[in-house]
Amino acid sequence: MSTESGLSSLRRSGADVQLPGDPGYDRVRTTWALAVDLRPAAVAFPRDADEVAAVVRAAASAGLRVAPLGTGHNAHALGDLSGSVLLRTSAMTGIEIDPAARRARVRAGEVWQPVVQGAAAHGLAPLHGSSPDTGVVGYTLGGGVSWYGRELGLAANSVTAVELVGADGELRRVDAEHDPDLFWAVRGGGGANFGVVTALDFALYPIETAYAGMLVWDLRDAHRVLSRWAPWAVDAPDAITTSYRNLQFPPIPEIPEPFRGRRLVVIDGAALAGDDEAERILAPLRELRPEIDTFARVPAATLSRLHMDPEQPTPGGGRSALLDELPSAAVDRLVETAGPDSGTSLFLAAELRQLGGALGRAQPGAGALARLDGQFQLITGGIMLGEQAKQTIADGERVVDALAPWSRGRQYLNFQEERVDPASGFDAADWAALRRIREAVDPGGLFQANHEIPGGGAAPAASGERALQR
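Residues numbered from 1 in each chain as written. Predicted model: local features only at pLDDT ≥ 70, side-chain atom pairs only at ≥ 80, totals over all residues. Heavy atoms only, no water.

Participant: Sorry if this is basic, but what is going on with the confidence of the model for the protein chain here?
Facilitator: Close reading of the predicted structure is inappropriate where its pLDDT is low. When pLDDT is averaged along the protein chain, the result is 93; 96% of the residues meet or exceed 70. Across residues 457-470, where pLDDT falls below 50, the model places 29 contacts with residues more than four positions away in sequence or in other chains. (pLDDT = per-residue confidence, 0-100. Contact = heavy atoms within 4.5 Å.)

Participant: Explanation requested: the environment of alanine 389 in the structure shown.
Facilitator: Turning to its location among the elements, alanine 389 is positioned in helix H11 (residues 386-402). Residue class for alanine 389 comes out buried when judged on its relative accessible area of 13%. For the pair formed by alanine 389 and arginine 410, sequence separation is 21 residues and the distance between their alpha carbons is 24 Å. The contacts of alanine 389, once residues within four sequence positions are left out, are Ile383 and Met384. (Helix = DSSP H or I, 4+ residues; strand = E, 2+ residues; numbered from the N terminus. Buried < 20%, exposed > 50% of the residue type's maximum accessible area, 1.4 Å probe, protein only.)

Participant: I would appreciate a short explanation of the nonpolar core in the present structure.
Facilitator: One recurring pattern in soluble globular proteins is that nonpolar side chains are buried together. Counting 57 residues, the largest nonpolar core has Val162, Phe194, Leu200, Phe202, Leu303 and Leu434 as its most contacted members. Mapped by element, the contributors of at least two residues to this core are strand S6 (103-107), helix H4 (112-120), helix H5 (136-141), strand S7 (159-165), helix H7 (180-189), strand S9 (196-203), strand S10 (209-218) and helix H12 (428-441). A per-element tally of this core places H7 first, with five residues. In contact with phenylalanine 194, other than residues within four places in its own chain, are Leu164, Gly166, Leu182, Ala185, Val186, Gly189, Leu434, Ile437, Arg438, Val441, Phe447 and Ile453. (Core = buried A, V, L, I, M, F, W, Y, C linked by side-chain atoms within 4.5 Å.)

Participant: Looking at this model, I keep getting lost on the pattern of salt bridges. Mind explaining?
Facilitator: Note on pairing: side chains with opposite charge can pair once their charged atoms come close. Within the structure shown, the criterion is met by 34 salt bridges. A salt bridge links aspartate 37 to arginine 39; the shortest N-O distance between them is 3.3 Å. For aspartate 221, the salt bridge goes to arginine 224, with nearest N and O atoms at 3.5 Å. With relative accessibility at 38%, the residue arginine 224 sits in the partly exposed group. Each member of the salt-bridge network shares a partner with another, and the members are Glu96, Arg105, Glu163, Arg173 and Asp201. (Salt bridge = Lys/Arg side-chain N within 4 Å of Asp/Glu carboxyl O.)

Participant: Would you mind going over the packing of helix H8 (residues 222-235) against helix H9 (residues 275-286) with me for this structure?
Facilitator: A pair of packed helices can be characterised by two numbers: the angle between their axes and the separation between those axes. Closest axis-to-axis distance for the H8/H9 pair is 9 Å, and the angle between their directions is 155°. Taken together, the axes of H8 and H9 are roughly antiparallel relative to one another. Contacts between H8 and H9 involve Arg228, Trp229 and Trp232 from the first element and Ile281, Pro284 and Leu285 from the second. Of the residues assigned to the contact of H8 with H9, the class counts are five nonpolar, no polar and one charged. (Axes fitted to C-alpha atoms, helices over the stretch in contact; angles between N-to-C directions. Parallel < 35°, antiparallel > 145°, perpendicular 65-115°, else oblique. Nonpolar A, V, L, I, M, F, W, Y, C, P; charged D, E, K, R; others polar.)

Structure below.
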């Protein structure tokens with residue numbers, strides 16, 4: 001089939017399809033990451049799994065690839081889409097909560113906030129991220145670091161079933177008993193490498209409240225606070241998960257008054273512990289006398305907005321790295337490159353997510369990303385428009401390079417907003433297995449992911465091999 005006739009068949013798929021030159025094309029090719037300029041051969045918005053399958057078959061017949069995408073928070077690394085259909089899942093919404101089984105089934109277009117609220121109505125919580133409008137599928141199947149992560153592990157490993165349309169255009173449901181190799185691969189390898197995910201089932205946890213909040217200091221206190229937080233974060237009980245940030249807030253009305261126009265140090269997080277125990281855990285940080293302290297017993301549903309992440313599309317981007325440790329020399333380097341006298345252009349001059357605990361331990365039955373191999377996740381962020389983009393990239397790389405002596409070049413790909421070697425996100429044996437499975441389920445390379453796993457060119461693992469090894 002010619003590309004032209006294939007594009008015509010896309011229009012007959014039942015999905016809303018926009019082609020270059022159509023009035024709505026520029027609107028629908030724009031993602032949450034506004035700085036990303038995607039120009040696909042077509043954009044399709046299927047409403048259900050049947051329409052997904054029709055789009056996949058039409059694209060394959062036309063010699064086009066398929067790039068599945070939800071919100072597009074991490075669309076930066078997608079690359080050239082001129083020969084691809086951008087398949088947007090945002091029209092595929094729907095949430096089912098089974099409170100007795102403590103399970104949720106979520107369709108591919110859902111973002112976290114409705115899921116968090118739906119679970120909270122039954123005294124339950126998912127392992128959601130720090131942003132209320134991040135897509136559930138991309139966040140979860142890429143790993144998923146939640147406020148409960150050090151106690152309960154990566155969100156990918158709470159997935160109990162995945163429904164997806166494969167390269168053959170067929171819908172399948174995979175779990176530990178049905179196609180266990182593929183089930184292993186998508187949990188951490190990302191759904192877009194293996195098909196178009198249409199729904200996820202995952203565990204919910206009996207969490208009604210948490211001891212959560214933030215501690216805030218002026219940025220001039222960065223060295224003093226980071227010198228305390230870094231060793232505290234390594235030794236803290238698994239019950240608490242926190243984040244450290246050096247932030248520069250713009251003087252705009254949308255920013256709350258205590259933060260507007262200021263440069264601050266913020267430590268936020270949550271403890272799955274009783275009040276007395278949580279206060280004991282936090283005592284070493286409170287000894288530093290923050291000017292704002294909001295930690296208290298709060299409903300679990302409020303944690304999706306604790307981090308104050310933007311809830312509208314933004315023209316932002318940044319750099320990141322996994323770190324093994326933060327000794328005093330690393331603290332000095334970070335404050336030098338992202339502290340009060342650094343002259344940085346970044347609004348997120350530096351963020352350090354506390355890892356370890358269950359995030360660093362592989363559990364039986366885990367997926368391809370069983371754990372994160374590091375003690376801290378370093379993240380920077382700034383504006384990625386016009387000339388400012390060059391400065392943002394330069395300042396972000398300066399921070400990441402400064403901390404390179406405490407990194408081994410591994411990546412957590414969910415936070416990697418540039419094209420990198422995706423093998424850096426996995427152990428060598430798991431990377432080889434992911435390539436074999438990709439080759440088995442998508443030998444023609446139909447699907448295009450932001451951090452793409454190439455086919456292995458070798459025979460696939462025997463059925464159940466990876467599940468048995470785990």
